[in-house]
Amino acid sequence: IRDRAYDTDGDGVQDDLAAEDFVRSLGYDLDVQRGNWTTLDATKIAALNAADLIIISRSTGSDQYAGDAAEVAQWNSITTPILNMTSYLARNSRWLWANSTTINNLTGPTMDVLLPEHPIFTGVTLGGNNTVQLVDGTTGTGQTSFLGTLDIGSGTVLVSTGTSTCIAEWPAGEPYYAGAGTPASNRMLFCMGTQEAGATPQGAFNLTDTGKAVFANAILYMMGVSIEPGRAASPTPEDGKADVPRDVVLGWKPGEAVATQDVYFGASLDEV
């Protein structure tokens with residue numbers, strides 16, 4: 001979900017497409033309808049509930065989403081897991097995931113992994129004391145906005161830096177905090193992308209290779225898919241691609257610490 005188009009560097013190309021391209025490179029189909037979700041009704045809620053995963057893009061402006069109780073309740077009612085990439089929507093002035101309005105803008109910080117056994121870190125090599133570098137501070141002007149609190153109620157902070165929450169998750173069926181709503185499915189905050197004001201290019205995809213690996217794992221995790229160490233990714237042609245020429249060059253991104261991959265051909269997935 002995204003509602004803004006950015007071209008702050010004036011090159012005629014939308015600034016925030018790289019994140020979409022990365023998700024598609026993992027073999028997923030995206031349904032991007034800009035501006036369609038700022039108000040919800042029964043038809044839109046049904047469409048969201050039919051998805052495998054909802055990704056709230058960093059190019060989504062929180063000011064496009066009212067903070068009234070009725071709308072917040074609608075979003076809480078969504079039964080599809082939500083992976084939210086903007087800290088602004090998590091504030092208690094918007095969707096009330098955390099009881100804070102503080103946002104910290106940081107440039108390429110070293111982060112602390114607080115729960116290294118979590119599935120999103122499968123196959124990811126952590127630094128000393130479980131540190132990790134997820135954001136490339138040299139992308140554009142480098143700033144990324146993080147939730148400026150570590151107190152997230154019923155949730156669990158997975159990655160932090162100083163007083164900032166970088167990645168966190170909340171379970172279904174429990175209020176975010178006292179007085180807040182209750183999500184109908186799992187929610188994850190995955191802060192990434194340059195901030196929408198005062199940064200160029202706006203919405204730039206600024207994950208390091210390690211950050212991309214964690215993000216790819218987070219997508220699988222939120223969809224309830226088992227994350228296998230060494231799993232290949234970014235297939236060429238894309239998964240499910242039709243009308244592929246017979247002479248196409250096959251390619252993929254190898255899994256972590258994998259020396260070889262087995263490739264099988266056939267007309268039936270079950271047989272191969």
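Report on the accompanying structure. (Residues numbered from 1 in each chain as written. Predicted model: local features only at pLDDT ≥ 70, side-chain atom pairs only at ≥ 80, totals over all residues. Heavy atoms only, no water.)

**Considerations on the overall build of the protein**
Here is step 1 of the chain: From N to C terminus, the protein includes five helices and eleven strands.
Here is step 2 of the chain: Computed over C-alpha atoms, the radius of gyration of the protein comes to 19 Å, within 12% of the 19 Å expected from 2.2 N^0.38 for 272 residues, which places it in the range of a compact globule.
Here is step 3 of the chain: Counting the 272 residues in the protein, one finds 46% classified as buried.
Here is step 4 of the chain: Of the contacts formed within the protein by residues at least 6 apart in sequence, a portion of 64% connects residues at least 24 apart.
Here is step 5 of the chain: Per element, the accessible surface of the protein, about 12800 Å² overall, is 49% carbon and sulfur.
Here is step 6 of the chain: Within the protein, one finds 14 positive and 32 negative side-chain charges whose respective centroids are separated by 4 Å. (Helix = DSSP H or I, 4+ residues; strand = E, 2+ residues; numbered from the N terminus. Rg over C-alpha atoms; globule rule 2.2 N^0.38 Å. Buried < 20%, exposed > 50% of the residue type's maximum accessible area, 1.4 Å probe, protein only. Contact = heavy atoms within 4.5 Å. Areas by Shrake-Rupley, 256 points an atom, 1.4 Å probe, with all protein chains shown as cover. Lys, Arg positive; Asp, Glu negative; His and termini not counted. Charge placed at Lys NZ, Arg CZ, Asp CG, Glu CD.)

**Some words on helix 2 (residues 42-49)**
Here is step 1 of the chain: Buried residues of helix 2: Lys44, Ile45 and Leu48, and no others. Projected down its long axis, helix 2 shows its buried positions confined to an angular sector of 100°, all on one face. Helix 2 presents Ala42 and Thr43 as exposed residues on the side facing more than 90 degrees away from its buried surface.
Here is step 2 of the chain: Contacts made by the buried residues of helix 2 are with strand 1 (54-56) and helix 3 (69-76).
Here is step 3 of the chain: N-cap assignment for helix 2: the residue whose side-chain oxygen lies 3.1 Å from the backbone N of Thr43 is Asp41. (Arc of directions from axis to C-beta. Polar contact = N/O pair within 3.5 Å; in protein donor to acceptor, adjacent residues only side chain to side chain.)

**Section: the nonpolar core**
Here is step 1 of the chain: Membership of the largest hydrophobic core comes to 60 residues, with the highest contact counts inside it found for Trp75, Val159, Ile167, Phe190 and Phe215.
Here is step 2 of the chain: Per-element tally for this core: the top contributor is helix 5 (residues 209-222), with six residues.
Here is step 3 of the chain: The residues touching Phe190, leaving out its near neighbours within four places in the chain, are Leu83, Asn84, Met85, Cys166, Ile167, Leu207, Gly211, Val214, Phe215 and Ala218. (Core = buried A, V, L, I, M, F, W, Y, C linked by side-chain atoms within 4.5 Å.)

**Quick notes on the packing of aromatic side chains**
Here is step 1 of the chain: Considering all chains together, one arrives at ten aromatic pairs under this definition.
Here is step 2 of the chain: Seen from their ring centres, Tyr65 and Trp75 are 6.1 Å apart, and the 70° between their planes marks the pair as edge-to-face. One end of the pair, Tyr65, is in the loop between strand 1 and helix 3; the other, Trp75, is in helix 3, with ten residues separating them in the sequence.
Here is step 3 of the chain: Overall, Trp75 belongs to the buried group, its relative accessible area being 2%.
Here is step 4 of the chain: Pairwise contacts between aromatic rings join Tyr65, Trp75, Trp95, Trp97, Trp170 and Tyr176 into one cluster. (Phe/Tyr/Trp six-rings, centres within 6.5 Å; stacked < 30°, edge-to-face > 60°.)

**Looking at the environment of Trp170**
Here is step 1 of the chain: Within the secondary structure layout, Trp170 lies in strand 8 (residues 164-170).
Here is step 2 of the chain: In sequence terms Trp170 and Gln33 are 137 residues apart; their C-alpha atoms lie 26 Å from each other.
Here is step 3 of the chain: Ignoring any residue separated from it by four or fewer positions in sequence, one finds Trp170 in contact with Trp97, Ile152, Ser154, Gly155, Tyr176, Asn186, Arg187 and Leu189.
Here is step 4 of the chain: A polar contact is formed between the side chain of Trp170 and the backbone oxygen of Trp97, at a distance of 3.3 Å.

**Considering unusual backbone geometry**
Here is step 1 of the chain: Residues other than glycine seldom take positive phi values, yet Asn129 does so here, at roughly 60°.
Here is step 2 of the chain: Positionally, Asn129 belongs in the loop between strand 4 (111-113) and strand 5 (131-132).

**Considerations on the side chain of Thr161**
Here is step 1 of the chain: With respect to the element layout, Thr161 can be found in strand 7 (residues 156-161).
Here is step 2 of the chain: Judged by its relative accessible area of 12%, Thr161 falls in the buried class.
Here is step 3 of the chain: Excluding its chain neighbours within four sequence positions, the residues that come into contact with Thr161 are Leu106, Pro109, Thr110, Met111 and Cys166.

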